[in-house]
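Now for the letters of each chain:
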Amino acid sequence: LGGQADYFIKPKTVEQLKDVVRRCNENNIRIYVMGFGSNLLISDKGLRGAVIKLEDEQFAQIEFDGEEVTAWAGAELSKLVLTCVEKGLSGIEALTGIPGSVGGAVKMNAGGNFGDFGAAVESVTLMDGRGNVFEKSKPELAFDYRRTNITAKFILNARLKLNAADSEQIMRTVKEIWIYKKNNQPLNTKNSGCIFKNPRGVSAGALIDRAGLKGLQIGGAVVSEKHANFIIAE
Ligand SMILES: Cc1cc2nc3c(=O)[nH]c(=O)nc-3n(C[C@H](O)[C@H](O)[C@H](O)COP(=O)(O)OP(=O)(O)OC[C@H]3O[C@@H](n4cnc5c(N)ncnc54)[C@H](O)[C@@H]3O)c2cc1C
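All values derive from a computational prediction rather than experimental measurement. (Residues numbered from 1 in each chain as written. Predicted model: local features only at pLDDT ≥ 70, side-chain atom pairs only at ≥ 80, totals over all residues. Heavy atoms only, no water.)

Engineer: Outline the sheet that holds strand S2 (residues 31–34), supporting the account with residue identities and numerical values.
Structural biologist: Strand order in the open sheet made by the 3 strands is S1-S3-S2, with parallel pairing throughout. With one partner strand each, in any of the chains shown, strand S1 (5–9) and S2 form the two edges of the open sheet. Looking at each pair of strands side by side, their axes are set apart by 25 degrees on average, direction ignored. Bridge count between S1 and strand S3 (residues 47–53): 4 bridges; the pairing is parallel. Residue pairing for S3: Phe8 is matched across the bridge by Val51. Where helix H1 (residues 14–26) meets the sheet, its contacts fall on S1, S2 and S3, and the angle it forms with S3 comes to roughly 170 degrees. (Pairing = 2+ DSSP bridges. Helix = DSSP H or I, 4+ residues; strand = E, 2+ residues; numbered from the N terminus. Axes fitted to C-alpha atoms, helices over the stretch in contact; angles between N-to-C directions. Contact = heavy atoms within 4.5 Å.)

Engineer: Can you lay out the side chain of Ser192 for me, pointing to particular residues and giving the numbers?
Structural biologist: Along the chain, Ser192 turns up in strand S15 (residues 191–192). Of the residues examined, Ser192 reaches a relative accessible area of 5% and is grouped as buried. At 3.2 Å, the side chain of Ser192 and the backbone oxygen of Ser38 are in polar contact. Beyond its immediate stretch of four places on either side in the chain, Ser192 contacts Gly37, Ser38, Asn39, Leu40, Asn229, Phe230 and Ile231. (Buried < 20%, exposed > 50% of the residue type's maximum accessible area, 1.4 Å probe, protein only. Polar contact = N/O pair within 3.5 Å; in protein donor to acceptor, adjacent residues only side chain to side chain.)

Engineer: Account for a nonpolar patch on the surface, with residues named and values stated.
Structural biologist: Together, Leu213, Leu216 and Ile218 line one region of the surface with nonpolar side chains, adding up to about 270 Å² of accessible area. Counting through the fold element by element, Ile218 comes out in strand S16 (residues 217–218). Residue Ile218 is classed as exposed on the basis of its relative accessible area of 63%. (Patch = residues over 30% accessible without salt bridge, like charges linked within 9 Å, V, L, I, M, F, W, Y side chains within 5 Å. Areas by Shrake-Rupley, 256 points an atom, 1.4 Å probe, with all protein chains shown as cover. Salt bridge = Lys/Arg side-chain N within 4 Å of Asp/Glu carboxyl O.)

Interpretation note: all reported values are geometric properties and have no functional meaning in isolation.
Quick look at the structure:
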């Protein structure tokens, strides 16, 4: 689903990323950043420019220091949640069942009925479109419904402040959230969602459902029967 990009680049280190950014700038190549693509719909016309995905080596790291965790942008969110549960660290179990990368979760302030990622983020390391690396910490970071005030091109990592807790208790919460999501979202298909943000006080999925659009198919894109705010790729 979706067209091709001119370039698809997966740098393995911050230094390599700087190099890629410099070369894109020198050649006037537009840069697009992707995480794991769970909230992206790419036009069939594709993208003119370079898509950069941070998922390998340095970008996949998760570093623990007591109740502080530094999660790099390409680390898998579900792996981060489960590793924290195993280590008895509470604070991000609300993210259970949300696909994607840490970078995507920061950018989108991923979350839902049970809480959001931003609540655990103390600081982020960022890179701008010129390759400059800098930090932004909590007083100057704002997380809102599916958005942040981060405008830098790349989120490199996020430092989280979690709380020591009983692993078994956290795991019980994780299971409850997982069952809720499994019952309400099309987790076993190739899909993207939620596609539309909720208007204030109303569920976008419920509105789409009420408009009778569940099951609507255009090309390879189908509105999910399970949750109308998800589009499934056939
Ligand atoms: C089945 C399913 C269930 C979902 N449930 C939820 C849910 O309950 N709650 C929720 O909030 N979301 C949910 N989502 C949406 C999605 O999982 C989240 O938005 C997720 O955080 C996106 O992460 P990603 O790595 O896939 O980002 P992508 O989809 O690849 O990118 C999303 C945005 O983040 C930007 N981005 C990604 N990485 C970086 C980076 N390192 N630096 C700068 N910008 C970056 C991209 O440019 C893009 O603008 C769901 C999606 C699916 C398919």
